[in-house]
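Structural features, examined
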Amino acid sequence: ERAGVGVLGGGVMGAGIASAFAGSGFPVVVLEPQAAVRERATAHIRKWIERKRSLADSERRKALDSVIVTEDLSRLSNTQVVIEAIVEDLEVKR
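These lines cover the structure that appears in this document, whether it is placed above or below. (Residues numbered from 1 in each chain as written. Predicted model: local features only at pLDDT ≥ 70, side-chain atom pairs only at ≥ 80, totals over all residues. Heavy atoms only, no water.)

**A few points about the packing of aromatic side chains**
- Using the criterion set out here, one finds one aromatic pair in the structure.
- Here the aromatic rings of Phe21 and Phe26 are separated by 5.5 Å at their centres, their planes lie at 85 degrees, and the arrangement is edge-to-face.
- Judged by relative accessible area, Phe26 falls into the partly exposed class, the value being 22%. (Phe/Tyr/Trp six-rings, centres within 6.5 Å; stacked < 30°, edge-to-face > 60°. Buried < 20%, exposed > 50% of the residue type's maximum accessible area, 1.4 Å probe, protein only.)

In structure tokens, the structure reads:
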């Protein structure tokens, strides 16, 4: 099994990063505190993976099932790599 990837931020960039990793077979956890952004991230990831024609149907289903979009920081505990993709605001990043 591949190492898990964490993505901080579920905006356009974070959802895109999550989609790319999930589509390549990695389990992904997207950490996003805002409910509306979590919903958009989930929709974006689903749309991107469903359109990825290089994946067989079973691979698409596995990729979709491997993504968790959450506000629960503890879900990152099983990831080996965490990528920061939050808003470009120094106060938020601190």
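**Concerning the pairing of strand β2 (residues 28-31)**
- Where burial is concerned, the two faces of β2 agree: the one with Val28 and Val30 and the one with Val29 and Leu31 are both buried.
- When strand β1 (residues 4-8) meets β2, the two strands line up parallel, connected through four bridges. Its bridge partner lying in β2, Val5 is registered against Val28.
- Assessed by its sense of winding, the connection that carries the chain from β1 through helix α1 (residues 12-23) to β2 is right-handed. (Helix = DSSP H or I, 4+ residues; strand = E, 2+ residues; numbered from the N terminus. Pairing = 2+ DSSP bridges. Right-handed = clockwise from strand over helix to strand, strands pointing away.)

**Some thoughts on the pattern of salt bridges**
- Considering all chains together, one arrives at four salt bridges under this definition.
- As a salt-bridge pair, Arg38 and Glu71 come within 3.8 Å of each other at their nearest N and O atoms. One end of the pair, Arg38, is in helix α2 (residues 35-51); the other, Glu71, is in the loop between β3 (67-70) and β4 (79-84), with 33 residues separating them in the sequence.
- The class of Arg38 is buried, set by a relative accessible area of 16%.
- Note that Arg60 and Asp57 form a salt bridge whose closest N and O atoms lie 2.5 Å from each other. In this pair, Arg60 and Asp57 are both assigned in helix α3 (residues 57-65), three residues apart and thus about one turn of the helix distant.
- Judged by relative accessible area, Arg60 falls into the buried class, the value being 11%. (Salt bridge = Lys/Arg side-chain N within 4 Å of Asp/Glu carboxyl O.)

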